[in-house]
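# Residue-level structural notes
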Amino acid sequence: MSVFVCVDCGGSKTSAVICDASGTILARALGGPSNFSYLPLPHFTASITSTLTTALAACPASLSLPTSLPPPSHSSPFIAASFGVSGVDSPAAIAALTPALSALLGIPPGPRLRITNDTHLLATPLLTHPDTTHALAVIAGTGSIAVSFRRHPDGAIEELARVGGWGWILGDEGGGFSVGREAVRMILKDFDMASVERREPTQSVLTRRVLQTFGVAHVPEILPLVHVPDPPAQAADDDDSGAKQGYCAQPREKRLSSLAPLVFEAAFEHNDALALRVLKVCAGLLAQQVAVLLGDAGAADAPRAAESVISFGGSLVGIEGYRALVLDELRQRGHVFKYVEFIDDAAAAGAVALAASAPQ
């Protein structure tokens, strides 16, 4: 039996889904990070290989699918494959990936092997809402990006424009790193203003949790831990005892992005004012990117929200309260969408759409 596979490659995890020609999901698997911008090709390929091998092993034995990759010559089990890859932002990146993925799956380069940015997996609601011709895909997980799409009369989906997706050093507004960075910035700013105004720093759940996480007692002690250079690769994989040592053993990006869950907990479980302010700022930054795609920057032929579907994906916008903050920011700018979707399993949506679009 031949099958379809879709792989969603992100900064935190890899998700693979295998389905049959009817769109019935046969197996799923999760693996480690696979953002192509952050990984050398051999490491990227190793992450994909591990995840796909696990997915194949989870398929029903009666299908007699191979359990290792690459498959034997001329016997690929895949009718077609779709890869939505975070960090694939140019034809050059696709060209760099194509030979490796083609060899891994036994699929020749061409229409059976689709390699796109991961936002393309969120354009599938255009297939289920025939009364719309435009979709805006918004990812906010470890990083962030917003992309607009148009569906043509023949069903083909075209990418129109994108904003963001620049990575943590240059952007990723409204994503996990952005939330962690803004939390630390607000804690530091409050500490500074307390000295200016001759008052005690504001007591907040978020501040206490961040200090505990860094293993320090005073706000200024956060700074050296944030700025310590990245550890050697081996050290980053080792378990260190003690919060300070543990944080210094993490790459700098993760020292801040890993704070995002603390912010969401403080905001939505403890109603912490500081944490809520952090999320409102970050939601506004993400909404600003979407608004640019909707014409706020002056594009005459931009999609209209009232005639479009907005499709969210990623761990942060998977939290209803944060998604509501983003939509509220857009509403205040005059953008109310006809449909709002959250796709919590982009790989599954992509696999089913791939099977549905295959020639019968």
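In what follows, the accompanying structure is described. What you see is a predicted model, and the numbers here were worked out from it, not measured in a lab.

The next subject is the state of the cysteines. This structure, assessed with the given rule, holds zero disulfides. With no disulfide partner, Cys59 has as its closest neighbouring cysteine sulfur the one in Cys19, 10 Å distant. Relative accessible area serves as the criterion here: at 8%, Cys59 is assigned to the buried category.

Moving on, we get to the sheet that holds strand E2 (residues 14-19). If you trace the five strands from one edge of the open sheet to the other, you get E3-E2-E1-E4-E5, paired in mixed fashion. At either end of the open sheet lies a strand with only one pairing partner, and these are strand E3 (25-31) and strand E5 (113-116). Across the sheet, the mean angle separating the axes of adjacent strands is 10 degrees when strand polarity is ignored. Where helix H2 (residues 91-105) meets the sheet, its contacts fall on strand E1 (3-9), strand E4 (78-85) and E5, and the angle it forms with E5 comes to roughly 145 degrees. On the sheet, helix H13 (residues 346-357) packs against E1, E2, E3, E4 and E5 and is oriented at approximately 145 degrees with respect to E1.

So, about the packing of helix H5 (residues 205-214) against helix H10 (residues 260-270). Two elements in contact, H5 and H10, have axes separated by 9 Å at closest approach and are oriented at 150 degrees. Taken as axis vectors, H5 and H10 run roughly antiparallel relative to one another. For the crossing formed where H5 meets H10, the hand is right-handed. Between H5 and H10, the residues in contact are Val205, Leu206, Arg209, Val210 and Thr213 and Leu262, Val263, Glu265, Ala266 and His270, respectively. Classifying every residue of the contact of H5 with H10 by side-chain character gives six nonpolar, two polar and two charged.

So, on to the packing of aromatic side chains. Summed over the entire model, instances satisfying the criterion amount to four aromatic pairs. An angle of 45 degrees between the planes, with centres 6.0 Å apart, marks the rings of Phe264 and Phe268 as tilted. On the criterion of helical spacing, the pair formed by Phe264 and Phe268 is a turn pair, its members being four residues apart in helix H10. Where Phe264 meets Tyr322, the ring centres are 5.3 Å apart and the plane angle is 85 degrees; that geometry is what we call edge-to-face. One end of the pair, Phe264, is in helix H10; the other, Tyr322, is in helix H12 (residues 320-332), and 58 residues separate them in sequence. Its relative accessible area of 7% is what places Phe264 among the buried residues. Judged by relative accessible area, which is 0%, Tyr322 ranks as buried.

Moving on, we come to the nonpolar core. Judged by nonpolar contacts, the single largest core of 52 residues is most densely connected at Val179, Leu206, Val290, Ile310 and Tyr322. Taken together, the elements giving at least two residues each to this core come down to strand E6 (134-140), helix H4 (176-196), H5, helix H6 (222-227), H10, helix H11 (273-296), strand E9 (308-313) and H12. The contact partners of Val290, leaving out residues within four places of it in the chain, are Leu136, Val138, Ala146, Ile310, Leu330 and Phe337.

Looking now at the environment of Cys282. Among the structural elements, Cys282 can be located in helix H11. The spatial distance from the C-alpha of Cys282 to the C-alpha of Gly174 is 4.5 Å, given a sequence separation of 108 residues. Leaving out residues up to four positions away in the same chain, Cys282 has contacts with Gly174, Ser178, Val179, Glu182 and Tyr322.

The subject of this paragraph is a nonpolar patch on the surface. Nonpolar side chains collect at one region of the surface, where Trp166, Ile169 and Leu170 lie side by side and expose about 420 Å² of accessible area between them. In this structure Ile169 comes out as exposed when scored by relative accessible area, which is 65%.

To continue, consider the sheet that holds E9. One open sheet holds the five strands; their spatial order is E8-E7-E6-E9-E10, and the pairing between them is mixed. Sheet topology places strand E8 (157-164) and strand E10 (339-342) at the edges, where each strand pairs with a single neighbour. For this sheet, the mean inter-axis angle between neighbouring strands, taken without regard to orientation, is 20 degrees. With seven bridges joining them, E6 and strand E7 (residues 144-151) adopt antiparallel strand pairing.

Reading the values: rules and limits
Residues numbered from 1 in each chain as written. Predicted model: local features only at pLDDT ≥ 70, side-chain atom pairs only at ≥ 80, totals over all residues. Heavy atoms only, no water. Disulfide = S-S within 2.5 Å. Buried < 20%, exposed > 50% of the residue type's maximum accessible area, 1.4 Å probe, protein only. Pairing = 2+ DSSP bridges. Helix = DSSP H or I, 4+ residues; strand = E, 2+ residues; numbered from the N terminus. Axes fitted to C-alpha atoms, helices over the stretch in contact; angles between N-to-C directions. Contact = heavy atoms within 4.5 Å. Parallel < 35°, antiparallel > 145°, perpendicular 65-115°, else oblique. Left-handed = near helix turned anticlockwise from the far one by under 90°. Nonpolar A, V, L, I, M, F, W, Y, C, P; charged D, E, K, R; others polar. Phe/Tyr/Trp six-rings, centres within 6.5 Å; stacked < 30°, edge-to-face > 60°. Core = buried A, V, L, I, M, F, W, Y, C linked by side-chain atoms within 4.5 Å. Patch = residues over 30% accessible without salt bridge, like charges linked within 9 Å, V, L, I, M, F, W, Y side chains within 5 Å. Areas by Shrake-Rupley, 256 points an atom, 1.4 Å probe, with all protein chains shown as cover. Salt bridge = Lys/Arg side-chain N within 4 Å of Asp/Glu carboxyl O.

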